[in-house]
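Chain by chain, the residues run as shown.
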Amino acid sequence: MESKGAVLMNRYELGRLLGQGTFAKVYYARNLKTGQSVAIKVIDKEKVVKVGLKDQIKREISVMKLVRHPNVLQLYEVMATKRKIYFVMEYAKGGELFKKVAKGKLKEEVAWKYFRQLIDAVDFCHSRGVYHRDLKPENLLLDENDNLKVSDFGLSAIAECKHQDGLLHTTCGTPTYVAPEVINKKGYDGAKADIWSCGVVLFVLLAGYLPFHDSNLIELYRKISKAEFKCPNWFSPDVRRLLQKILDPNPNTRISIAKIKESSWFRRGLKSKQIKSETGSKDVAPLDTDTASGSCKSNGMATEAKQELAKPTNLNAFDIISISAGFDLSGLFEEPCQKKKAKFTSRKPAAVIISRLEEIAKLLRLKVMKTGAGFMKFEGLKEGKKGILSIDAEIFEVTPSFHLVEVKKSNGDTLEYQKLLKEDIRPALQDIVWTWQGEEQQQQQLS
Ligand code: AMP
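Thresholds, definitions, all that
Residues numbered from 1 in each chain as written. Predicted model: local features only at pLDDT ≥ 70, side-chain atom pairs only at ≥ 80, totals over all residues. Helix = DSSP H or I, 4+ residues; strand = E, 2+ residues; numbered from the N terminus. Buried ≥ 20, exposed ≤ 12 C-beta atoms within 10 Å, placed from the backbone. Contact = placed C-beta atoms within 7 Å. Pairing = 2+ DSSP bridges. Axes fitted to C-alpha atoms, helices over the stretch in contact; angles between N-to-C directions. UniProt positions renumbered as here; feature names shortened; annotations may be inferred. pLDDT = per-residue confidence, 0-100. Left-handed = near helix turned anticlockwise from the far one by under 90°. Nonpolar A, V, L, I, M, F, W, Y, C, P; charged D, E, K, R; others polar. Core = buried A, V, L, I, M, F, W, Y, C linked by C-beta atoms within 7 Å. Domains from an automatic or database assignment.

**Q** What's the story with the overall build of the protein in this structure? I'm lost.
**A** When you go through the protein residue by residue, the secondary structure sums to 18 helices and 17 strands. Within the protein, buried positions represent 35% of all 447 residues. Pairs at least 24 apart in sequence give 60% of the contacts found in the protein among residues at least 6 apart.

**Q** Whenever I open this one, the sheet that holds strand β1 (residues 7–8) confuses me. Can you help?
**A** Within a sheet, neighbouring strands are paired by backbone hydrogen bonds and run either parallel or antiparallel to one another. Read from one edge of the open sheet, six strands run β1-β2-β3-β4-β6-β5, paired in antiparallel fashion. The open sheet has two edge strands, β1 and β5 (75–80), and neither has a second partner. Relative to strand β4 (residues 37–44), strand β3 (residues 24–31) runs antiparallel, the two sharing seven bridges. Considered in β4, the bridge of A24 is made with I43.

**Q** Hey, could you run me through unusual backbone geometry in this one?
**A** Excluding glycine, a negative phi dihedral is what most residues carry, and trans is how most peptide bonds are arranged. One non-glycine residue, N10, lies in positive phi territory at about 60°. We classify N10 as exposed; it has 7 C-beta atoms within 10 Å. Even without being a glycine, A227 presents a positive backbone phi close to 50°. For A227, the location among the structural elements is in the loop between α7 (217–225) and α8 (237–246).

**Q** Mind showing me how you'd approach the environment of F115 here?
**A** Considering the arrangement of structural elements, one finds F115 in helix α4 (residues 108–127). In this structure F115 comes out as buried when scored by C-beta crowding, with 23 C-beta atoms within 10 Å. Between the alpha carbons of F115 and C198 there is a distance of 7.7 Å; along the sequence they are 83 residues apart. When neighbours within four sequence positions are excluded, F115 is seen to be in contact with L202 and L205.

**Q** Quick question: what am I supposed to make of the environment of K223 here?
**A** In this structure, K223 sits in helix α7. By the C-beta count within 10 Å, which is 18 here, K223 ends up partly exposed. Each C-alpha atom, one on K223 and one on F212, is 6.5 Å from the other, the two residues being eleven residues apart in sequence. Those residues in contact with K223 that sit more than four places away from it in its chain are F212, D214 and E228.

**Q** I'm lost on the pairing of strand β6 (residues 84–90) in this one. Help?
**A** Two faces make up the sheet, and in a regular strand the side chains alternate between them. Counting buried residues in β6 gives six out of seven residues, a clear majority hidden from the surface. Two strands pair when backbone bridges link them, and β4 and β6 are joined in this way by seven bridges, in the antiparallel orientation. The residue of β6 that forms the bridge with K41 is F87. Where β5 and β6 come together, five bridges link them in antiparallel fashion. Residue pairing across strands places M79 opposite Y86, the latter belonging to β6. Joining the antiparallel neighbours β5 and β6 is a turn of three residues.

**Q** Help me understand the sheet that holds strand β9 (residues 140–142) in this model?
**A** One open sheet holds the three strands; their spatial order is β7-β9-β10, and the pairing between them is antiparallel. The sheet is open, and its two edges are formed by β7 (95–96) and β10 (148–150), each paired on a single side. Those strands touched by α4 are β9 and β10, and its axis lies near 35° from that of β10.

**Q** Where do I start with the UniProt feature "binding site: ATP" (unreviewed entry) in the protein in this structure?
**A** Taken from the UniProt record, the annotation "binding site: ATP" (unreviewed entry) applies to K41. Note that K41 resides in strand β4. Apart from residues lying up to four places away in sequence, K41 is in contact with A24, V26, F87 and M89.

**Q** Please clarify how the confidence of the model for the protein should be interpreted in this entry.
**A** Regions with low pLDDT carry predicted coordinates that are not meant to be interpreted in detail. When the pLDDT values of the protein are averaged, the result is 74; 67% of them are 70 or greater. When the elements of the protein are averaged for pLDDT, helix α12 (residues 289–292) gives the smallest value, 27, and α8 the largest, 96. A low-confidence stretch, residues 154–173 (pLDDT under 50), is modelled with 47 contacts involving residues beyond four sequence positions or located in other chains. Every residue in residues 439–447 is under pLDDT 50, and counting partners more than four places away or in other chains gives twelve contacts.

**Q** Help me understand the packing of helix α6 (residues 190–207) against α8 in this model?
**A** Describing two packed helices takes the angle between their axes plus the distance from one axis to the other. Packing of α6 against α8 brings their axes to within 9 Å, and their N-to-C directions diverge by 145°. Relative to α8, α6 is oriented so that their crossing is left-handed. On the side of α6, the interface is formed by I195, W196, C198, G199, L202, F203 and L206, while α8 contributes V239, L243 and I246. Class assignment for the residues of the contact of α6 with α8 results in nine nonpolar, one polar and no charged.

**Q** Help me out: how do you make sense of the nonpolar core in this one?
**A** Where a protein is soluble and globular, its nonpolar side chains tend to be buried together. Formed by 68 residues in total, the largest nonpolar core has its most connected members in I40, L118 and L205. Among the elements that take part in this core, α6 stands out by supplying twelve residues, more than any other. Viewed by domain, this core spans two of them, domain 1 (7–90) and domain 2 (95–311), each represented by three or more residues. Beyond its immediate chain neighbours, meaning those up to four positions away, I40 contacts Y12, L14, Y27, A29, Y86, F87 and V88. Membership of the second largest hydrophobic core comes to 18 residues, among which are A342, Y417, I425 and L429.

**Q** Looking at this structure, I do not really get the environment of K136. What am I missing?
**A** Within the element layout of this structure, K136 appears in the loop between β8 (130–131) and β9. Between the C-alpha atoms of K136 and L97, which are 39 residues apart in sequence, the distance is 9.4 Å.

**Q** Where do I start with the pairing of β4 in this structure?
**A** Most of β4 sits inside the fold, with six of its eight residues counted as buried. Hairpin remark: β3 followed by β4, antiparallel, with five residues in the connecting loop; positive phi at G35, about 80°.

Have a look at this one:
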C-alpha cells in the first residue's frame, strides 16, 4: 500500500491519490532533491503479469519514450520493486479536461484552443507512427497553464502492431468515442480512428454532451455506424461543416489532419486576450492567424525545444531498469541480450541510413556481411579478445521518413564493441541521428 508521506526509492515523497484506473493508481509526488511535482502511476506487477498486460505496459513505455511533445504527457522515468512498477510522469495540475466539461459546455474559443492542441499532439504522434486509439476527455489532462496534455497511452499501438495489410486489428477504445470501423471489427487505420475520436471530443467540448448516446448499446452502435448526430443551434456554421467532415462514417473519405488544419474553423484568427481571460491562463499559445494557419507544428516544436532545456531529468525506463540491479525488470520488459543494444531514431530515409552505415564500416575496416530487408551485419577483419567482432544493425520503419535503428553486438568482446560504438560509430552517425535511446545506459557502462 502506498501511503501519503511515504518516500519512494529515497527520491519521491508520495502525496494524495489523484486518480485510479483498472490496473493503476496515480499519486501526486514530489521529487525530494529538486522539489519538482510529479505524478506517479503505481502498477501492481502481479496483476500485469497475470492478465497478460506485459506487452501493453512495454508498449506504453516505448510509446511514451518515442513521443515527446508539449501537449503529450511526458514520462520521466520508470522504477520498480519486486511487486510494483512506478511510472514517474509529468504532473498535470489542472486535472482532467472532462471535469471542466462536466460543469457545462465550453465557449467556442476555449474549445478551439484545446482542439488545436489536441490536433497538434495527435498529428505529432501520427507522424511517428503512434496512434492513441483511446482519445476521450478523461485522457486529456491540463497543466498549470491550462495547456492540454494527452495522457494514457495504455491502449495505443505503434506501427509494428499493424497486420500485413497495414491496418490495426485490436478492438479497443470507449464505445461512445470509437469510430464505426473499430466497432465493426474490420481492420482499421489508427490515424483515421483517432481523427474520429477528436471529432467526438470537439463535439463534447462545444455541446457539453455526447454526439452519440443511447441507453441501448445496439442502438448506440447503429447511430455511430451511420454517424447520426445533430449539432445544437449554438454551433457556428464553420464548426458544423468541420464536424460533418470529421464524423464521416467512412474512414476513406473522412477528413485528414492536414485538411483539418486547413479548415476555416481551425484557422480562424482569435484574439489571444479573449482566451486568456476565459481560461485565466497567462501562458496560452499565441493565437494569431499566422500560427493558426498551419505553422502550429513548428510552433509546437519551438515550445518543445524550450521544454527540452528546462527538463530536469531525462532518464528513460529501460536505462534505469537495466543499470539498476535492484530494479531488475529486464526479464519483464526486454530480453537480456537487448542490454547490448544501442537504439537511435532517424528522420532520414532507410537508404540514407544504410549508405551511412556502409560508409562507417568502410572507415572502420569492417566487412559488410549481409544486407537486405533492413538488416545489416558487420564483421571485424581481425580476431579480437573473444573472437571476431560482429555487429548487427536492424532498421525498422515507423513512417517512411522516420526510422528506429537497433545496433547490437552479436559476437566478440563487449568492451571492444562498446569502445567502437562510443568513439567511432556514434560520432559518425551524429548528423543522421534524431535521438539516441539508452544514452544513460551507454554512459554508465563505459564509465
Ligand atoms: P490513468 O490510469 O492513466 O487513466 O489515470 C487515472 C486518473 O489519474 C486520470 O483520469 C487522472 O485523473 C489522474 N491522472 C493520471 N495521470 C495524471 C497526471 N500525470 N497528472 C495528474 N493527474 C493524473
